[in-house]
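# Structure at a glance
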Amino acid sequence: MSKHSIAGRKVAFLLTDGVEQVELTSPWNAVKEAGGEPTLVAPKSGKLQGYNGTEKGQTFDVDLTAAEANASDFHALVIPGGVVNADHLRVDKDAQAFTRAFFEQHKPVASICHGPWLLIDAGVINGRNVTSYHTLQTDLKNAGANWSDQEVVVDQGLVTSRNPHDLPAFNDKLLEEIAEGEHAGQTA
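Residues numbered from 1 in each chain as written. Predicted model: local features only at pLDDT ≥ 70, side-chain atom pairs only at ≥ 80, totals over all residues. Heavy atoms only, no water.

The next point concerns the overall build of the protein chain. The helix and strand inventory of the protein chain stands at six helices and 12 strands. Viewed in the frame of its principal axes, the protein chain has a C-alpha envelope of about 35 × 35 × 30 Å. For the protein chain, the share of sequence-separated contacts (at least 6 apart) that also reach a separation of at least 24 residues comes to 66%. When the 15 basic and 25 acidic side-chain charges of the protein chain are each reduced to a single mean position, those positions are 1 Å apart. (Helix = DSSP H or I, 4+ residues; strand = E, 2+ residues; numbered from the N terminus. Contact = heavy atoms within 4.5 Å. Lys, Arg positive; Asp, Glu negative; His and termini not counted. Charge placed at Lys NZ, Arg CZ, Asp CG, Glu CD.)

Within the secondary structure layout, Thr65 lies in strand E6 (residues 64-65). Look at Thr65 and you get buried, because its relative accessible area is 12%. Sequence separation of Thr65 and Ala95 is 30 residues, and the distance between their C-alpha atoms is 9.0 Å. Contacts of Thr65, omitting those with residues within four sequence positions, involve Val41, Ala42, Pro43, Lys44 and Ser45. (Buried < 20%, exposed > 50% of the residue type's maximum accessible area, 1.4 Å probe, protein only.)

Strand pairing within a sheet occurs via backbone hydrogen bonds; the two strands may be parallel or antiparallel. Read across the sheet, seven strands follow the order E6-E3-E1-E7-E8-E12-E11 without closing on themselves; strand pairing throughout is mixed. The open sheet is flanked by E6 and strand E11 (152-155), the only strands paired with a single partner. Pairing analysis gives three bridges linking strand E1 (residues 10-14) to strand E7 (residues 76-79), with the strands arranged parallel. Paired with Phe13 across the strands is Val78, a residue of E7. Taken strand by strand, helix H1 (residues 21-33) contacts E1, strand E3 (37-42), E7 and strand E8 (109-112), and its axis lies near 150° from that of E3. This element, helix H6 (residues 167-180), spans E1, E7, E8, E11 and strand E12 (158-161) of the sheet and lies at about 175° to E12. (Pairing = 2+ DSSP bridges. Axes fitted to C-alpha atoms, helices over the stretch in contact; angles between N-to-C directions.)

Counting residues in each nonpolar core, the largest one holds 30 residues, and the members touching the most others are Leu14 and Phe98. Of all elements in the fold, only E1, E7, helix H2 (83-89), helix H3 (93-104) and helix H4 (116-121) reach the threshold of two or more residues within this core. Element by element, the count of residues in this core is highest for H3, at five residues. Ignoring anything within four residues of it in the chain, the contact list for Phe98 reads Ala12, Leu14, Val41, Ala69, Asn70, Ala71, Phe74 and Leu77. In terms of nonpolar packing, the next biggest core, distinct from the first, is built from 28 residues, Val152, Phe170, Leu175 and Ile178 among them. (Core = buried A, V, L, I, M, F, W, Y, C linked by side-chain atoms within 4.5 Å.)

It is worth spelling out the packing of aromatic side chains at this point. Scanning the model with the defined rule gives three aromatic pairs in all. Their ring planes at 90° and their centres at 6.1 Å tell us that Phe74 and Phe98 sit as a pair that is edge-to-face. In this pair, Phe74 sits in the loop between E6 and E7 while Phe98 sits in helix H3, placing the two residues 24 residues apart along the sequence. Overall, Phe98 belongs to the buried group, its relative accessible area being 3%. Between the aromatic rings of Phe98 and Phe102, the centroid separation amounts to 5.0 Å while the plane-to-plane angle is 85°, which identifies the pairing as edge-to-face. (Phe/Tyr/Trp six-rings, centres within 6.5 Å; stacked < 30°, edge-to-face > 60°.)

Another aspect to go through is H3. For H3, with 12 residues, the first-to-last C-alpha span of 16 Å sits near the 16 Å given by 1.5 Å per residue. Ala95, Gln96, Phe98, Thr99, Ala101, Phe102 and Phe103 are the residues of H3 that are buried. N-cap assignment for H3: the residue whose side-chain oxygen lies 3.1 Å from the backbone N of Asp94 is Asp92. (Expected span 1.5 Å × (residues − 1). Polar contact = N/O pair within 3.5 Å; in protein donor to acceptor, adjacent residues only side chain to side chain.)

Taken in spatial order, the three strands make up an open sheet running E2-E4-E5, and their pairing is mixed. Unpaired on one side and paired on the other, strand E2 (19-20) and strand E5 (55-61) mark the two borders of the sheet. By the bridge criterion, two bridges tie E2 to strand E4 (residues 47-52) in an arrangement that is parallel. Pairing of Val19 across the sheet is with Gly50, part of E4.

Any functional reading would require information that these geometric values do not contain.
Written out as structure tokens, the structure reads:
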């Protein structure tokens, strides 16, 4: 059982085909074990294909499309990584708007690995302290972020990590931020 109780808190997981499977399932399970209610949100309805690196993994059922989903119905947002997942999400206007709404509503957002690419295109990364998969550092710096190579970085409700090895720290900080609730400094 988690040291952070988030009983009854609703957490949106925003992803699409190509998601790095463990970056979805590990935080999803952590949210459930802490009493939270995870919901899978994606640009399209149906099933999504997960990956373990470059190998196909499980498929996952979409609960809501990004166009249907409303950030007001959730307490937090998680954006898993995976190169293909992140590259497709970052150019999806509904995914951008859904993400931006969490920042506008001062709600916790957690993004791991390649997931922070979406934060660039959502226009919410300028001036923020973040980490990510190392290949994104130039993109994030060019978008105005303060990038550092750390296991987990927390900045006013924004939680970021580098890769699947960082999941224990990522999950712990994700749950901590959800338990704390809204952050006045979390703005778009």
